[in-house]
Amino acid sequence: MTDLTKYGFDNDYQQLFDTVDRYSREVLHPLSEVMDKDDWFPIDEFRNMSELGILGVTVPEQWGGAGMNEIAQALIGQAMSRWNSSMSLNYLSSDNLFVNNILRNGNDHIREKYLPGFCDGSYIGALGLTEPGAGSDALGSMRTKAVKDGDSYILNGRKIFITNGPCADVLMVYAKTAPELGPHGISAFIVEKDF
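Definitions and limits used
- Residues numbered from 1 in each chain as written.
- Predicted model: local features only at pLDDT ≥ 70, side-chain atom pairs only at ≥ 80, totals over all residues.
- Heavy atoms only, no water.
- Patch = residues over 30% accessible without salt bridge, like charges linked within 9 Å, V, L, I, M, F, W, Y side chains within 5 Å.
- Areas by Shrake-Rupley, 256 points an atom, 1.4 Å probe, with all protein chains shown as cover.
- Salt bridge = Lys/Arg side-chain N within 4 Å of Asp/Glu carboxyl O.
- Lys, Arg positive; Asp, Glu negative; His and termini not counted.
- Charge placed at Lys NZ, Arg CZ, Asp CG, Glu CD.
- Helix = DSSP H or I, 4+ residues; strand = E, 2+ residues; numbered from the N terminus.
- Buried < 20%, exposed > 50% of the residue type's maximum accessible area, 1.4 Å probe, protein only.
- Core = buried A, V, L, I, M, F, W, Y, C linked by side-chain atoms within 4.5 Å.
- Contact = heavy atoms within 4.5 Å.
- Expected span 1.5 Å × (residues − 1).

### Comments concerning a negative patch on the surface
Part 1 of the reasoning: Together, E33, D36, D38 and D39 make up a negatively charged patch on the protein surface.
Part 2 of the reasoning: The residue D39 is located in the loop between α1 (11-38) and α2 (43-48) in this model.
Part 3 of the reasoning: In this structure D39 comes out as exposed when scored by relative accessible area, which is 73%.

This is the structure in structure tokens:
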């Protein structure tokens, strides 16, 4: 057992870590070999993590979350990764890259529309940023563009290495809306898989 209190964490963090560690050892670890070997994602088990209360852990209670902070989220990812690193990456891609982005940058309409679904397991999220040939300069070399067409935007480009891409219900896709501004002319778009 990892004693987090010797690093200054209180008992609430310790209890959260222990709960996720036990769950990951008992439920997620047996899935890890087939996930890696067969490139398989246990979508039902991911959605079931809502019963443990760890999906949307940083989301305020008003939208169905636990109202905890990013430290709790990081501890969940750490406990999970000890037993199934692939599932930890899937979890953090959805819960951190997508959900925390909505929390920080979305308006209340967007938060009300999407956050409850991430907390109850209805939605799995992904982030589309990296492009072919971009290297480590994902923002500066971005070629995907978004052009306004009436009340909508048309996105045109290619993205690669999207963790959760094949199983995501909702994606956040970055595209240039004002190319003349370089990295400051990039916008994030919510794209549901059925759009």
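### Side note on the pattern of salt bridges
Part 1 of the reasoning: One pass over the structure, following the stated rule, counts 8 salt bridges.
Part 2 of the reasoning: For E192, the salt bridge identified is with K113, shortest N-O distance 3.6 Å. Residue E192 is located in strand β5 (residues 186-192), and its partner K113 is located in helix α5 (residues 108-119); the two are separated by 79 residues in the primary sequence.

### Concerning the nonpolar core
Part 1 of the reasoning: One finds F46, M49, I54, I76, M80 and Y91 to be the most contacted residues of the largest nonpolar core, which totals 24 residues.
Part 2 of the reasoning: Mapped by element, the contributors of at least two residues to this core are α1, α3 (70-81) and α4 (85-105).
Part 3 of the reasoning: By residue number, the principal contributor to this core is α1, which donates 8 residues.
Part 4 of the reasoning: With sequence-adjacent residues up to four places away left out, Y91 is seen in contact with F46, M49, I54, L55, V57, Q73, I76, G77, M80 and N96.

### Considering α3
Part 1 of the reasoning: An ideal rise of 1.5 Å per residue puts 16 Å on 12 residues; α3 measures up with 16 Å between its terminal C-alpha atoms.
Part 2 of the reasoning: Within α3, burial applies to A72, Q73, L75, I76, G77, A79 and M80.
Part 3 of the reasoning: Along its buried surface, α3 packs onto α1 and α4.

Keep in mind these values describe shape, not function.
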